[in-house]
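Reading the structure
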Amino acid sequence: MRRRSGWHCATIDNMHSELTNLLPFERQRILARDYYVRLGVVVVVFMIGITFAAGVLLVPTYVFLIGSSNAKEMRLANLKSTLASGDEAALSNRLTALSSDITTLTTLSNAPAASAIMRTLLSISRPGIKISSFVYAAAAEDAPGTVAISGTAATRDALRNYQLALQSTPSITSADLPISAFAKDSSIPFTITVTLAP
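All values reported here derive from a predicted model rather than from experimental measurement.

Brief notes about the overall build of the chain
Of regular secondary structure, the chain possesses five helices and four strands. Looking at the chain as a whole, 14% of its 198 residues are labelled buried. For the chain, restricting intrachain contacts to residue pairs at least 6 apart in sequence, the fraction spanning at least 24 positions comes to 58%. Element-wise, carbon and sulfur atoms account for 64% of the exposed surface of the chain, whose accessible area totals about 15,600 Å².

This is the structure we're talking about:
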């Protein structure tokens, strides 16, 4: 009995380890082909579904871009109509004013900076001189630039020496001081008009 039950278990184990397909080979091939066809159909349907979903998700972006393009085209048409209906004389006057502004800006870009002029004037030796203010006038087409220097001099000699020091500076062509400034002996208020070199 023990031998029989042992043989029975060994037979069942052999049957499980050897799976046998009882279908004929042709039938097995047809089933395998049907399986691959079904798998291919599922993959194709899945891809079509993904493509359709992506297309649906792109619709809001497309609608937004079309709306934005239409708004820009309407604004461009509005600007064109505004420019076309504008007064040509006013446009011509505006262009003339802009041209004169460009000329002025070009002239100013070639003019020396006021800060550089002030640094030059402050670097001149001035013992006995207290400066209270500068008034700078930039050069025009027909007139050179000027600086009016106001202050107080301790003595006549200090004022005269300061005037001579200004005149000897290379960037200054003249330093004019009224004769009436020398009327007092001390604490002399003055205003020297300095003409800058072009």
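Let's talk about the packing of aromatic side chains
In the structure shown here, the tally under the stated rule is two aromatic pairs. Between Y162 and F190 the ring centres are 6.4 Å apart and the planes differ by 65 degrees, which places this aromatic pair in the edge-to-face class. Taken together, the residues Y162 in helix α5 (residues 156-167) and F190 in strand β4 (residues 186-196) connect sequence positions 28 residues apart. Like F190, Y162 is buried.

Considerations on the nonpolar core
Within soluble globular proteins, side chains that are nonpolar tend to cluster in buried spots. Of all hydrophobic cores here, the largest spans 21 residues; its most connected members are L121, L166, I192 and V194. Listed by contribution, the elements that provide at least two residues to this core are α4 (114-122), β2 (146-155), α5, β3 (172-176) and β4. Element by element, the count of residues in this core is highest for β4, at five residues. Excluding residues within four positions of it along the chain, V194 makes contact with G145, T146, V147, I149, L166, I172, S174 and A175.

Considering the sheet that holds β4
The antiparallel open sheet is built from four strands, whose spatial order is β1-β2-β4-β3. Both edges of this open sheet fall to β1 (129-137) and β3, since each of them pairs with a single strand only. Recorded for the sheet is a direction-independent mean angle of 20 degrees between the axes of neighbouring strands. Relative to β4, β2 runs antiparallel, the two sharing nine bridges. Note on β4: the bridge partner recorded for G151 is F190.

Some thoughts on the side chain of Q163
On the secondary structure map, Q163 appears in helix α5. Since its relative accessible area comes to 7%, Q163 is described here as buried. Ignoring sequence-local partners within four residues, the contact set of Q163 consists of A175, D176, L177 and F182.

As for the confidence of the model for the chain
Detailed reading of the predicted model is not advised wherever pLDDT is low. Put simply, the chain has an average pLDDT of 81, and 82% of its residues get 70 or more. Overall, residues 1-5 carries pLDDT values under 50, and its contacts beyond four positions in sequence, including any with other chains, amount to zero contacts.

Digging into the pattern of salt bridges
Two side chains that carry opposite charge are able to pair once their charged atoms sit near each other. According to the stated counting rule, one finds two salt bridges in the structure shown. D185 is the salt-bridge partner of R156, the closest N and O atoms lying 2.7 Å from each other. One end of the pair, R156, is in helix α5; the other, D185, is in the loop between β3 and β4, and 29 residues separate them in sequence. The exposed category is assigned to D185, whose relative accessible area is 55%.

What counts, and where the lines are drawn
Every residue gets a number counted from 1 within its own chain, in the order that chain's sequence is written. At least 70 in pLDDT is required for a residue's local features to be given in this predicted model, at least 80 for side-chain atom pairs to be given and counted, and no such filter applies to totals for whole chains, interfaces and linings, which use all residues. Excluded from the side-chain calculations are hydrogens and water; all other atoms, namely the structure's heavy atoms, are used. Under the scheme used here, helices are H or I runs from DSSP no shorter than 4 residues and strands are E runs no shorter than 2 residues, and both carry numbers assigned from the N terminus. Residue burial is assigned from relative accessible area. The probe radius is 1.4 Å, only protein chains are included, and a residue is buried under 20% of its type maximum, exposed over 50%, and partly exposed in between. By definition, residues are in contact when any of their heavy atoms lie within 4.5 Å. Where accessible areas are quoted, they stem from the Shrake-Rupley method and a 1.4 Å probe; at the residue level, only the protein chains shown are allowed to cover. Any two rings among Phe, Tyr and Trp, with Trp reduced to its six-membered ring, count as a pair given centres within 6.5 Å; such a pair is stacked if its planes are under 30 degrees apart, edge-to-face if over 60, and tilted if neither. In plain words, nonpolar cores are sets of buried Ala, Val, Leu, Ile, Met, Phe, Trp, Tyr and Cys residues tied together by side-chain atoms within 4.5 Å. Between any two strands, at least two bridges found by DSSP are needed for them to pair. Inter-axis angles, ranging from 0 to 180 degrees, are taken between N-to-C directions of lines fitted to C-alpha atoms, where helices are fitted over the stretch in contact. The predictor attaches a confidence to each residue, and that confidence, scored 0 to 100, is pLDDT. Salt bridges are identified by distance alone: a Lys or Arg side-chain nitrogen within 4 Å of an Asp or Glu carboxyl oxygen.

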